[in-house]
Amino acid sequence: MNTLLLTWLALCLFFLTALGADQGLVGYGLDPIHGYCTYGCYTPIAFLALSCTTTDPATKAMSTTRLCRANNTPFLETLALCLHTECARDLTPAQLEHYWEFNVFNVFGILDPPDGTPNPPIKWTYQSALASVLSHPPKSELDPTSFVLNQTVIIPHLAWLKQYNSGYGIQREQIVGATYGIVILVVGFATPVILTWAGYLPFASRLSSYFRLPTRLLYPSTVGTYIVRPLPHFLGNPPTRGQALFLVTFFIINLILSTVNYQSMQPHALRPQLSFELTAMVVYRSGILAFALIPLMLLFSSRNNILLWWTNWPHNTYILLHKWIARLFFLYSLVHTLVALPWFYGTDSKREYWIWGAVAIVAMALILGMSVLYVRKQAYELFLASHIVLSVITLVGCWYHVTLWVGIGTWGYETWLYAACAVWFFDRLARFGRVLKNGLRRAKVVQLDGEGGEYVRVDIEGIRWGTGNPGTHVYVYWPFLTALSSSRGEWWRQPWENHPFSLVPSVLLAGRNEGHGPLHDKTTPESVKSSGSSEEHAQHEGAQVDLEKNGHVRPMITTSPAASERSHDHVRITPSTASGISLFIKKGSGVTKHLRANSNLLTLLDGPYTSTPTADIRKCDRLLLIGGGIGITSLLPWIANHENIKVAWSLRESARCLVSEVEGVLCRVQERDVRVGSRLDFDHLLAQEIEAGWTKVGVIVSGPDGMCDDVRAAVVAAGRKGGNTEFELEVDAYAW
């Protein structure tokens, strides 16, 4: 992690260096106008034809070079007279001379031509030009309908004021937008850090315990008991109350910053109508704030999120925040588009910058459409691939939208995109670095004895990640898995597909029966089937029933001696495999359905990653590990990391093979409740911990969606009853 942190800090340093150089944001390193007063004098005559202006015979376009202006008497005298009349009250002669020498040929900070070459020598200094014009003051004023400047004229105060207001109003809105964008970015980034670090203050834990904040605020759902389970009709997963509080606060801040501090500057040269001026300000503000959200949105979605190292917020929380911030980003972009449409469509709809903006907004809409829960459930790999491709298209569209409109280094919009790309590239490079560090691996796939062959164990030798990091997972690549499969119609699956799996250090599976006796010594098996039972009916119909939720199946709390004997032959750990990791996988409808017995499967590993924070759980007096089915995998490493543990595990009859596979680990735990074919009573389990008098109990649950939500609800209910027992909850579920 130290290497990753240093890399991240290096990228941040690069970004801050860019801000301090010729890049940045308006008001924070960029000043496109170079003075509003001088802008008001220069702009009225900046685009008028001079006597030295040339015309392209083919395009009929007129071109006035800097050398032409530097030697044109009417241009220099008219400008000097306006600067003396309008700006001498606010600017010293030295400041005016500096502007004359360095910025007189710049329009919105862009050199003409934009080649970075020095300005040509001007035939007069500012003072010389002023002395020349004062020696024969002009009589006539600038004609607003004229396209030619062939004599020295007076720029009327109203013409100057319109341009002054135009420059001041536009740049002011850019500065306000950039400031508010920074505020939003800092609030989104710093809030998790501040809240985490505040939890380490001496009084924080006492206040949390006194008001029972976890069970009253952090753990409960905003909609019933739905958290890991999606809402009906594929409406998605609701946040917890704590997550909702952050989101509501963040959205309110965005609402306030997007609707306040607009200032009209009439008369206005570019926006003569008040409604047009306000529309332009809304377009600017919404576009800037949308860009400010992009780095935060990408950061929250990344595996190598620095906030995962600095805070105690789990990865699932950042994924949820990523989804909601993405929706806010689209909302800003939609406002930006719809408000600009009636004013700019007629004049700009065929310009390249407009077309690229349309490409970006369409790509955003497609991302949202492809991200609905129904698509993620039915075709996750398709969702993921389209997500990445459309996100790249969105970023490219945003880049060309702003650079083709105002160029690079003018208003600083591209700076937000630099930050976003830094986050994205850092995450991808870190992933690539992890894969390289882990190297090419050969995995052994063992088909377990589950019903229909739906469970496999994947052993990967030579991975020394130790046993001291529970709550971790690894992303696994099998580049040639689908090619080895006999299934057809999978041509679209790509070698770079990867999926997260909880891991068990193989050394844990080596130990067996260390003083507590085998599982089948503790209880007496009883039949799990009865005529007309719900499980028998489900098997007859071929349906899948969540037995952890089904109270009609009679319990069987053991594993058989035969299964134990199979385990001794099946999971024997040798010195070479003890340094590896093992993955227990239940085959799904995706790439895992192709897993078959194989002793030499090419495997790439991106990890390990911490899925849930463990620091607070480790401090608990007692750990209650609640697992359902294959979810036992993420709980096993805890057995080697805490002295006072109880394991409660329920699983279906079809998953009985898992019991024999992990029996060697479970035998180390004196208090264990393993149930095959029956559900656990979560309220009773928690009541037992309260009756035992433990002060702080850590509850870690991993299993089916409904089971995780039921445990959460039981912990919330138990915590609200009062008493001396405090609960710390961690839910290890992949509901991404």
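Refer to the preceding data block for the structure.
Bear in mind that the values here come from a model prediction, so they are computed numbers and not experimental data.

Colleague: Help me understand the sheet that holds strand E11 (residues 598-610) in this model?
Modeller: Each strand in a sheet pairs with another by means of backbone hydrogen bonds, the pair being arranged parallel or else antiparallel. Here we have seven strands laid out as an open sheet, ordered E8-E7-E11-E5-E6-E10-E9, and antiparallel in their pairing. Strands at the two margins of the open sheet, each flanked by one partner only, are strand E8 (498-502) and strand E9 (504-505). Alignment of strand E7 (residues 472-477) against E8, held across five bridges, turns out to be antiparallel. Bridge pairing links tyrosine 477 to asparagine 498 in E8.

Colleague: Just to check I follow, could you spell out the sheet that holds strand E14 (residues 671-676) for this structure?
Modeller: Taken in spatial order, the five strands of this open sheet run E14-E13-E12-E15-E16, and their pairing is parallel. Two strands in the sheet have a free side with no partner beyond their single neighbour: E14 and strand E16 (726-731). Ignoring which end each strand starts from, the neighbouring axes of this sheet average 10° apart. Where strand E13 (residues 645-651) and E14 come together, six bridges link them in parallel fashion. Note on E14: the bridge partner recorded for valine 647 is arginine 672. In the packing of helix H25 (residues 705-720) onto the sheet, the strands contacted are strand E12 (622-628), E13, strand E15 (696-702) and E16, and the crossing angle to E16 comes to about 165°.

Colleague: In this structure, what is going on with the side chain of histidine 499? I would like to understand it.
Modeller: Note on placement: histidine 499 falls in strand E8. Exposure remark for histidine 499: the relative accessible area of 14% places this residue in the buried category. Polar side-chain contacts of histidine 499 include one of 3.4 Å to the side chain of glutamate 381.

Colleague: I'm lost on helix H6 (residues 126-135) in this one. Help?
Modeller: Structural remark: α-helix, 3.6 residues per turn; residues separated by three or four positions point the same way. All buried positions along H6 are accounted for by Tyr126, Ala129, Leu130, Ser132 and Val133. Angularly, the buried residues of H6 cover 160° about the axis, an arc narrow enough to put them on a single face. Those residues of H6 hidden inside the fold are in contact with helix H4 (73-87) and helix H5 (93-102).

Colleague: Is there a simple way to think about the side chain of arginine 303 in this case?
Modeller: Considering the arrangement of structural elements, one finds arginine 303 in the loop between helix H11 (274-301) and helix H12 (306-310). In this structure arginine 303 comes out as buried when scored by relative accessible area, which is 9%. Side chain to side chain, arginine 303 and asparagine 498 meet in a polar contact 2.4 Å long. Not counting residues up to four positions away in its chain, the partners in contact with arginine 303 are Leu308, His315, Asp427, Arg431, Tyr475, Tyr477, Asn498, Asp606 and Tyr609.

Colleague: In this structure, what is going on with the pattern of salt bridges? I would like to understand it.
Modeller: It is possible for side chains of opposite charge to pair when their charged atoms get near one another. All told, the structure shown has twelve salt bridges when counted by the stated rule. Two residues, arginine 285 and glutamate 173, come together in a salt bridge whose shortest N-O distance is 2.7 Å. Separated by 112 residues along the polypeptide, arginine 285 in helix H11 and glutamate 173 in helix H7 (residues 157-198) bring together distant segments of the chain. The class of arginine 285 is buried, set by a relative accessible area of 1%.

Colleague: Help me understand helix H23 (residues 657-666) in this model?
Modeller: Counting buried positions along H23 gives ten out of ten residues, so the element sits mostly inside the fold. All buried positions along H23 are accounted for by Cys657, Leu658, Val659, Ser660, Glu661, Val662, Glu663, Gly664, Val665 and Leu666.

Colleague: Got a minute to help me understand the packing of aromatic side chains in this structure?
Modeller: The geometry of an aromatic ring pair is captured by two quantities: the separation of the ring centres and the angle between the planes. On inspection of all chains with the given rule, the structure shows 27 aromatic pairs. Here tryptophan 405 and tyrosine 413 contribute two aromatic rings whose centre-to-centre distance is 6.1 Å and whose plane-to-plane angle is 0°, an arrangement assigned as stacked. The aromatic ring of tryptophan 124 is capped on one face by lysine 123, whose charged end is 4.5 Å from the ring centroid. Between arginine 327 and the ring centre of tryptophan 324, over which it is positioned, the NZ or CZ distance is 4.5 Å.

Colleague: Please clarify how the nonpolar core should be interpreted in this entry.
Modeller: One broad trend across soluble globular proteins is that nonpolar side chains are buried collectively. One finds Phe291, Leu293, Ile294, Phe300, Leu321 and Tyr413 to be the most contacted residues of the largest nonpolar core, which totals 53 residues. Broken down by element, the residue count for this core peaks at 14 residues, all from H11. Ignoring sequence-local partners within four residues, the contact set of leucine 321 consists of Phe246, Leu247, Phe300 and Trp313. One finds Leu96, Tyr126, Leu142 and Val153 within the second-largest nonpolar core, a separate group that totals 32 residues.

Colleague: Whenever I open this one, a nonpolar patch on the surface confuses me. Can you help?
Modeller: Residues Leu201, Phe203, Leu207, Tyr210, Phe211, Leu213, Leu217, Leu218 and Leu245 make up a contiguous nonpolar surface patch of roughly 870 Å² in combined accessible area. Listed by contribution, the elements that provide at least two residues to the nonpolar patch are helix H8 (204-211) and helix H9 (213-218). Among the structural elements, leucine 201 can be located in the loop between H7 and H8.

Colleague: Mind showing me how you'd approach the state of the cysteines here?
Modeller: The term disulfide refers to a covalent linkage connecting the sulfur atoms of a pair of cysteines. Summed over the entire model, instances satisfying the criterion amount to three disulfides. Across the disulfide, cysteine 52 is cross-linked to cysteine 68 (sulfur-sulfur distance 1.6 Å). On the S-S bond that ties cysteine 52 to cysteine 68, the torsion sits near 75°, and the link is right-handed. Note that cysteine 52 is positioned in the loop between helix H2 (36-46) and strand E3 (54-55) and cysteine 68 in helix H3 (residues 66-70), a separation of 16 residues in sequence.

Criteria and cut-off values
- Residues numbered from 1 in each chain as written.
- Predicted model: local features only at pLDDT ≥ 70, side-chain atom pairs only at ≥ 80, totals over all residues.
- Heavy atoms only, no water.
- Pairing = 2+ DSSP bridges.
- Helix = DSSP H or I, 4+ residues; strand = E, 2+ residues; numbered from the N terminus.
- Axes fitted to C-alpha atoms, helices over the stretch in contact; angles between N-to-C directions.
- Contact = heavy atoms within 4.5 Å.
- Buried < 20%, exposed > 50% of the residue type's maximum accessible area, 1.4 Å probe, protein only.
- Polar contact = N/O pair within 3.5 Å; in protein donor to acceptor, adjacent residues only side chain to side chain.
- Arc of directions from axis to C-beta.
- Salt bridge = Lys/Arg side-chain N within 4 Å of Asp/Glu carboxyl O.
- Phe/Tyr/Trp six-rings, centres within 6.5 Å; stacked < 30°, edge-to-face > 60°.
- Lys NZ or Arg CZ within 6 Å of the ring centre and 35° of its normal.
- Core = buried A, V, L, I, M, F, W, Y, C linked by side-chain atoms within 4.5 Å.
- Patch = residues over 30% accessible without salt bridge, like charges linked within 9 Å, V, L, I, M, F, W, Y side chains within 5 Å.
- Areas by Shrake-Rupley, 256 points an atom, 1.4 Å probe, with all protein chains shown as cover.
- Disulfide = S-S within 2.5 Å.

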